Amino acid sequence: MILDETAKHYKKDKQLKKGIAFPTCICVNEIVCHFSPLRSDPIVTIKEGDLVKIELGVHIDGYAGVVAHSLVVGASAENPATGGLADAVLAAYHCSEAALRLIKAGNTNKQITETIQKITEAYNSSPLEGMLSYEIKRYQTEGATDKQIVLNPNEAQKKEIKDMEFAVHEVYAMDVFVTTGGGKMKESNVSTTVHKRSDETYSLKMKASRAFFSDVCNRFTMMPFTLRAFEDEKKAKMGLKECVTHELLHPYPVQQDSDGKAVAQFKYTVLVVPNGNIRINGGLFDTSLFKSEHKIEDKEVLALLAQSANRKAGGKKKKKKAKSAAEEAKSEAAAEN
């Protein structure tokens, strides 16, 4: 579907690359990220009450928009998700909304980290340790840059991640993961299917490897891809091995919550502009589908969420239609009473 939709744009420019910037991954409950099963893999059945995360990315000419959303299967306003599932999802959603209001020129990554800690504590949950959000550039969904936002820094990151200010004309992929577990994750025993080209060079020996790597370069440039995109899965696996061994391709292992707790995720792409920012995807969420015993009480956080997410130049009609995250948080509290 992504390929079909992107093919409709810029048809006259035959040299312009467009398509998938990140393969579609569907991760259920404790599975955190990068689960993109092959056709030959066992079928995973999604059932009512599961927390499902859907992540994907699209690019045109190397400029990517990446997005992720969480939902609980079967949840409705009449039968909302409760307990830990509701805590994780609501915390992740409000963290993402707070971050959106802070990604503005002159603000810092440290402000986001501190705010996320306050929100997750309010919902008796934790941001996943070590997970990063990045400034992204052309043909980069994970920027090789010092412009990084860490949700819950580990000991190494506390020393390595630099404090930085957001600047006009930067683009960020803001990615929030929240769990009701201890905040740690581990590599799953599920097979890795998502990979990405590196900047390394090596003269591949096997014919199958050379053909596979050439196909990767032509079809995906520097964007992550899944082995599911290859018709002949067996040949793709044969070619992959040598490429990974010599670090021409970096694997994206499937990760899971260390405590086996469900993990919620919200992700969007945001552009920093002179009068605020522009979120180009994501943002649709219905808080009435979730009911938590917890709520945000920190006055500074509530004041932040009460701010409009629209740019200052936005019209009055848009401001009237926009429902602030703070109002949604108050609605949750009213629903409890």
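Coordinates for the structure precede this section.
The numbering scheme is per chain: residues are counted from 1 as the chain's sequence reads. With the structure being a predicted model, the display of local features is reserved for residues of pLDDT at least 70 and the display and counting of side-chain atom pairs for 80 or more, all residues being used for whole-chain, interface and lining totals. For the side-chain quantities, the full set of heavy atoms in the structure was used; hydrogens and water were omitted.

Trainee: Explain the environment of V89 to me, and be specific about the residues and the numbers.
Mentor: With respect to the secondary-structure elements, V89 resides in helix 2 (residues 83–102). Summary of the burial criterion: residues with accessible area below 20% of their type's maximum are buried, those above 50% are exposed, and those between are partly exposed, where the area comes from a 1.4 Å probe applied to protein chains only. Note on V89: relative accessible area 0%, which makes it buried. Once residues lying within four places of it in the same chain are set aside, the contact partners of V89 are L51, V72, A264, F266, F285 and F290. Numbering of helices and strands runs from the N terminus; a helix is a DSSP stretch of H or I covering at least four residues, while a strand is a stretch of E covering at least two. Here a residue-residue contact requires only that any non-hydrogen atoms of the pair lie within 4.5 Å.

Trainee: Kindly report on the side chain of N29, identifying the contributing residues and their values.
Mentor: Along the chain, N29 turns up in the loop between strand 1 (18–28) and strand 2 (31–33). By relative accessible area, N29 is classed as buried at 17%. Contact partners of N29, with chain neighbours within four places excluded, come to D50, L51, K53, K261, A262 and V263.

Trainee: Break down the sheet that holds strand 13 (residues 255–257) for me, citing the residues and quoting the values.
Mentor: Across the sheet, which stays open at both edges, the three strands sit in the order 2-13-9 with antiparallel pairing between neighbours. Of all the strands in the sheet, just strand 2 and strand 9 (185–187) have a single pairing partner and so form its edges. Each strand of the sheet is rotated relative to its neighbour by a mean of 40 degrees, with strand direction disregarded. Pairing between strands requires that DSSP locate at least two bridges from one strand to the other. In this structure, strand 2 lies alongside strand 13, joined through two bridges in antiparallel fashion. Its bridge partner being in strand 13, I31 is matched across the sheet by Q256. Axis lines are fitted through C-alpha atoms, for helices just across the contact stretch, and the angle between N-to-C directions can take any value from 0 to 180 degrees.

Trainee: Tell me what's going on with the sheet that holds strand 12 (residues 249–252), and back it up with residues and numbers.
Mentor: As summarised here, the arrangement of the three strands in space is 11-10-12, forming an open sheet in which the pairing is antiparallel. Bordering the open sheet on either side are strand 11 (225–226) and strand 12, each of which pairs with just one other strand.

Trainee: Can you tell me about the pattern of salt bridges, naming the residues and giving the values?
Mentor: Pairing between side chains becomes possible if they bear opposite charge and their charged atoms approach one another. When a carboxyl oxygen of Asp or Glu is within 4 Å of a side-chain nitrogen of Lys or Arg, the pair counts as a salt bridge. The full count for this structure, using the stated rule, is 13 salt bridges. Between K118 and E300 there is a salt bridge; the shortest N-O distance is 3.5 Å. Highlighted residues: K118 in helix 3 (residues 109–122) and E300 in helix 7 (residues 299–306), separated in sequence by 182 residues. Connected via shared salt-bridge partners are E55, D175 and K267.

Trainee: Pulling in residues and values, what's your account of the packing of aromatic side chains?
Mentor: Centres within 6.5 Å are what make two rings of Phe, Tyr or Trp a pair, Trp counting through its six-membered ring; a difference in plane orientation under 30 degrees is then read as stacked, over 60 as edge-to-face, and the rest as tilted. A full pass over the atoms with the stated rule returns 11 aromatic pairs. When the ring of F220 is compared with that of F225, the centres are 5.1 Å apart and the planes differ by 15 degrees; the resulting orientation is stacked. The two residues F220 and F225 agree in class, both being buried. Among the aromatic residues, those joined into a cluster by ring pairs are Y93, F266, F285 and F290. Only Lys NZ and Arg CZ are tested; either one counts as a charge over a ring when it is within 6 Å of the ring centre and within 35 degrees of the ring normal. The residue whose ring lies beneath R219 is F230, and the NZ or CZ to ring-centre distance is 5.0 Å.

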